[in-house]
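Observations on the model geometry
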Amino acid sequence: MKKLKTRDHIVEAADQLFYQQGYEHTSFADIADAVQISRGNFYYHFKTKDDILEAVIKARMDKTGAMMALWQQNGSSPQDRIKCFIRILITNRDKILNYGCPVGTLTTELAKLNHASRPEANALFTLFRVWLKDQFVQMGCEDEEADEQAMHLLARSQGVATLASAFHDAKFIGQEVTQMCKWVEDYMPA
């Protein structure tokens with residue numbers, strides 16, 4: 001495994017802390033402690049917490065893009081690829097139960113704070129939306145219907161993550177994933 005550069009290690013630690021504690025409740029000291037570096041070394045890489053947030057969002061965009069490319073490569077049909085998206089609820093079940101959806105929690109917190117980076121964080125949802133819309137187009141949907149279905153699936157997955165976290169209910173995630181996968185298999189464009 002490749003050893004992370006200090007800057008990358010800071011971004012990775014900040015990403016986890018922002019997810020687990022929230023952006024507002026994570027301090028420079030928390031991140032420096034997690035990375036085990038001095039504040040001076042920390043400030044060499046990032047001058048402000050907003051600089052770290054920007055790097056975290058970029059890292060999440062890169063990881064999400066790579067994940068989608070893998071789904072695209074491994075899925076034999078648009079339905080199979082959409083089911084890969086749905087199954088991230090299972091893959092991330094333990095984290096979702098404890099902290100919610102990493103994208104949903106960050107975008108919600110930044111919206112509450114009316115933070116300047118809100119549009120960049122929302123771009124993570126847009127990335128999923130555009131990718132899902134493309135899958136529905138490949139299934140034969142017109143643009144408007146494809147976008148509606150992409151938003152429907154995003155909304156449902158966010159609802160599942162939110163309620164599963166609220167009720168700490170792993171079984172609920174499994175049931176909803178099964179239902180959503182069945183819906184995709186049976187879906188017929190209008």
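All values reported here derive from a predicted model rather than from experimental measurement. (Residues numbered from 1 in each chain as written. Predicted model: local features only at pLDDT ≥ 70, side-chain atom pairs only at ≥ 80, totals over all residues. Heavy atoms only, no water.)

A word on the packing of helix H4 (residues 49–74) against helix H7 (residues 102–113). Their axes nearest at 12 Å, the elements H4 and H7 cross at an angle of 150 degrees. Remark: the crossing between H4 and H7 carries left-handed chirality. Every residue of H7 that contacts H4 at Leu53, Ile57 and Arg60 is listed here: Pro102, Val103, Leu106 and Leu110. (Axes fitted to C-alpha atoms, helices over the stretch in contact; angles between N-to-C directions. Helix = DSSP H or I, 4+ residues; strand = E, 2+ residues; numbered from the N terminus. Left-handed = near helix turned anticlockwise from the far one by under 90°. Contact = heavy atoms within 4.5 Å.)

Structurally, the position occupied by glutamate 145 is in helix H9 (residues 143–167). Lacking a salt bridge, the buried glutamate 145 has lysine 133 as its closest oppositely charged neighbour, with an N-O distance of 12 Å. Leaving out residues up to four positions away in the same chain, glutamate 145 has contacts with Tyr187, Met188, Pro189 and Ala190. (Buried < 20%, exposed > 50% of the residue type's maximum accessible area, 1.4 Å probe, protein only. Lys, Arg positive; Asp, Glu negative; His and termini not counted. Salt bridge = Lys/Arg side-chain N within 4 Å of Asp/Glu carboxyl O.)

One can describe the packing of H4 onto helix H5 (residues 78–91) by two numbers: an axis separation of 8 Å at closest approach and a directional angle of 135 degrees. The angle between H4 and H5 falls in the class oblique. Crossing hand, H4 versus H5: right-handed. Of the residues in H5, those touching H4 at Met67, Trp71 and Gln72 are Arg81, Cys84, Phe85 and Ile88. (Parallel < 35°, antiparallel > 145°, perpendicular 65-115°, else oblique.)

Our focus in this paragraph is the pattern of salt bridges. Summed over all chains, the structure comprises seven salt bridges. In this structure, lysine 83 and aspartate 80 form a salt bridge, with 3.9 Å as the shortest nitrogen-oxygen distance. Of the two residues, lysine 83 and aspartate 80 both sit in helix H5, three residues apart, roughly one turn of that helix. A residue is classified by how much of its surface remains accessible, and aspartate 80, at 28% relative accessible area, is partly exposed. In this structure, the salt-bridge partner of lysine 182 is aspartate 186, at a minimum N-O distance of 2.6 Å. Placement of both lysine 182 and aspartate 186 in helix H10 (residues 170–186) is noted, with a separation of four residues, approximately one turn of the helix.

Let us look at the nonpolar core. Counting 32 residues, the largest nonpolar core has Phe85 and Ile86 as its most contacted members. The set of elements that each furnish at least two residues to this core consists of H4, H5, helix H6 (93–99), helix H8 (118–138), H9 and H10. The greatest single-element share of this core, amounting to seven residues, is contributed by H9. Once residues lying within four places of it in the same chain are set aside, the contact partners of phenylalanine 85 are Trp71, Phe128, Trp131, Leu132, Leu153, Leu154 and Ser157. Membership of the second largest hydrophobic core comes to 23 residues, among which are Ala32, Ile52, Leu106 and Leu110. (Core = buried A, V, L, I, M, F, W, Y, C linked by side-chain atoms within 4.5 Å.)

Quick look at H10 now. With 17 residues, H10 should cover 24 Å at 1.5 Å per step; its first-to-last C-alpha distance of 25 Å lies within 8% of that length. Within the span of H10, buried status applies to Phe172, Ile173, Glu176, Val177, Met180, Cys181 and Val184. The buried residues of H10 occupy an angular sector of 160 degrees when projected down its axis, which confines them to one face. Residues of H10 that are exposed and point over 90 degrees away from its buried face: Lys171 and Thr178. At its buried positions, H10 is contacted by H5, H6 and H9. One side-chain oxygen of the residue at the start of H10 lies 3.1 Å from the amide nitrogen of lysine 171, identifying that residue as aspartate 169. (Expected span 1.5 Å × (residues − 1). Arc of directions from axis to C-beta. Polar contact = N/O pair within 3.5 Å; in protein donor to acceptor, adjacent residues only side chain to side chain.)

That is the geometry; function is a separate question.
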